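# Working through the structure, step by step
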Amino acid sequence: MAILDRFSDIISANVNALIDRMEDPEKMIDQYLRKMMDDLAEVKKNTASVMAEETRAKRLVDENEAEVAKYNNFAKKALETGNDGDARVFLSKKQELEDVGTGLANAYAKAHENASKMRQMHDKLASDIEKLRQRRSMIKAQMSVADTQDKLNKVNDSVGKSKGAMGSFNRMEEKASRRLDEADAMAELNKEQKDEAQQLEEKYADQTGSAAVEDELERMKREMGLSSSDED
């Protein structure tokens, strides 16, 4: 039976050690789990026939032992009645049955061993499958947390970049404001920094204007007969 040939490999398999060596546990666990489910299905399919063979072999052993016991009793009864010849016949039959019984016992022992192996494989596979499912759930949960953390990291990076861009914008705005203030200050200084000739020009320009007004006033008075000399 093919499944029995893999008995040692299945029993000695260390699921946890296997998972630890997997490069991509989340993906490979599913593959390994499918393989183990196939093995378990094969074990279940063959277990019934193996156990039936064990039961049949045990029944033949029991029947043979009952026959041996029967002819042993017949031999005793024949001796009790003084029939040594009959006793020899019964004992001969008993020995034949005992020889057959040796083969039946060996067959039963093998059938029992096979049935025990099948049960061990079934229990081991069922246990390993449960372990795999638990580890898969744990690993999937860890991967989900890791994915969420990656997303948060990317969001934080984006926020950091946005803050950096805003900081750069603020620095540019501050620099522009500073240059504007400097330009205004320079304009104010340029307005105040006039040379001496310009200042005198403004002074005499004002005086010239005043003199012209006085001249016009005197002219109008003379025309009206209101000359300053007349008033005197």
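One numbering rule holds for all chains: residues counted from 1, following each sequence as written. Owing to the predicted nature of the model, reporting of local features is limited to residues with pLDDT of at least 70; listing and counting of side-chain atom pairs is limited to 80 or more, with chain, interface and lining totals taken over all residues. Hydrogens and water are ignored here; the side-chain numbers use all heavy atoms of the structure.

### Let's talk about the packing of aromatic side chains
Worth spelling out the cut-off: Geometry of aromatic contacts follows a simple scheme: Phe, Tyr and Trp rings, the Trp one being its six-membered ring, pair when their centres are within 6.5 Å, and the pair is stacked under 30 degrees between planes, edge-to-face over 60, tilted otherwise. Secondary structure is summarised from DSSP: a helix means a run of H or I of at least four residues, a strand means a run of E of at least two, and numbering begins at the N terminus for each. Buried, partly exposed and exposed residues are distinguished by accessible area as a fraction of the type maximum, computed with a 1.4 Å probe on protein chains only: under 20%, between the cut-offs, and over 50%, respectively.
Under the counting rule described, the total for this entry stands at three aromatic pairs. Look at Tyr71 and Phe74: their rings are 6.0 Å apart centre to centre, the planes differ by 80°, and that puts the pair in the edge-to-face class. With Tyr71 and Phe74 both in helix α4 (residues 25–80) and three residues apart, this pair spans about one turn of that helix. On the basis of relative accessible area, Tyr71 is assigned to the buried category, the value being 17%. What makes Phe74 partly exposed here is its relative accessible area of 33%.

### Here we look at the pattern of salt bridges
The following threshold applies: Counted as salt bridges are all cases of a side-chain nitrogen of Lys or Arg within 4 Å of a carboxyl oxygen of Asp or Glu.
Tallied over the full model, the rule gives 10 salt bridges. Notably, a salt bridge pairs Glu113 with Lys110, separated by 3.9 Å at the nearest N-O pair. A residue pair is termed a helical-turn pair when its members lie 3 or 4 positions apart in one helix, as Glu113 and Lys110 do in helix α5 (residues 84–192) at three residues. Residue Arg219 pairs with Glu223 through a salt bridge whose shortest N-O separation is 2.7 Å. One end of the pair, Arg219, and the other, Glu223, are both in helix α6 (residues 196–224), four residues apart, so they sit about a helical turn from each other. Overall, Arg219 belongs to the partly exposed group, its relative accessible area being 33%. Residues participating in the shared-partner salt-bridge network are Lys110, Glu113 and Lys117.

### Notes on a nonpolar patch on the surface
Put simply, the rule is: What makes a patch is a set of residues exposed beyond 30% relative accessible area and free of salt bridges, joined within 9 Å when like-charged and within 5 Å when nonpolar (Val, Leu, Ile, Met, Phe, Trp, Tyr). Accessibility throughout is a Shrake-Rupley quantity obtained with a 1.4 Å probe, and a residue counts as covered only by protein chains that appear here.
Together, Met220, Met224 and Leu226 give the surface a local cluster of nonpolar side chains, amounting to about 300 Å² of exposed area. Tracing the sequence through the fold places Leu226 in the loop between α6 and α7 (228–231).

### A word on the side chain of Asp39
Applicable threshold: Contacts between residues were defined by any pair of non-hydrogen atoms, one from each residue, lying within 4.5 Å.
In this fold, Asp39 is placed in helix α4. Since its relative accessible area comes to 7%, Asp39 is described here as buried. In contact with Asp39, not counting residues within four places along its chain, are Ile3, Arg6, Ile10 and Leu125.

### Points about the environment of Gly101
Considering the arrangement of structural elements, one finds Gly101 in helix α5. Under the relative-accessibility criterion, Gly101 is labelled buried at 13%. For the pair Gly101 and Glu63, spaced 38 residues apart in sequence, the C-alpha to C-alpha distance is 9.3 Å.

### Regarding the nonpolar core
A general trend in soluble globular proteins is that nonpolar side chains are found buried together. Our working definition: Here, nonpolar core means buried Ala, Val, Leu, Ile, Met, Phe, Trp, Tyr and Cys residues that are tied together by side-chain atoms lying within 4.5 Å of each other.
Judged by nonpolar contacts, the single largest core of 17 residues is most densely connected at Ile3, Val43, Met118, Met121 and Leu125. Elements that contribute at least two residues to this core include exactly α1 (2–5), α2 (7–12), α4 and α5. The element that contributes the greatest number of residues to this core is α5, accounting for seven residues. When sequence neighbours within four positions are dropped, the list of residues in contact with Met121 reads Ile3, Leu4, Phe7, Ile10, Ile11 and Val43.

### Quick word on the environment of Ser92
Mapped onto the elements, Ser92 comes out in helix α5. Here the alpha-carbon distance between Ser92 and Ala75, two residues 17 residues apart in the chain, equals 9.5 Å.

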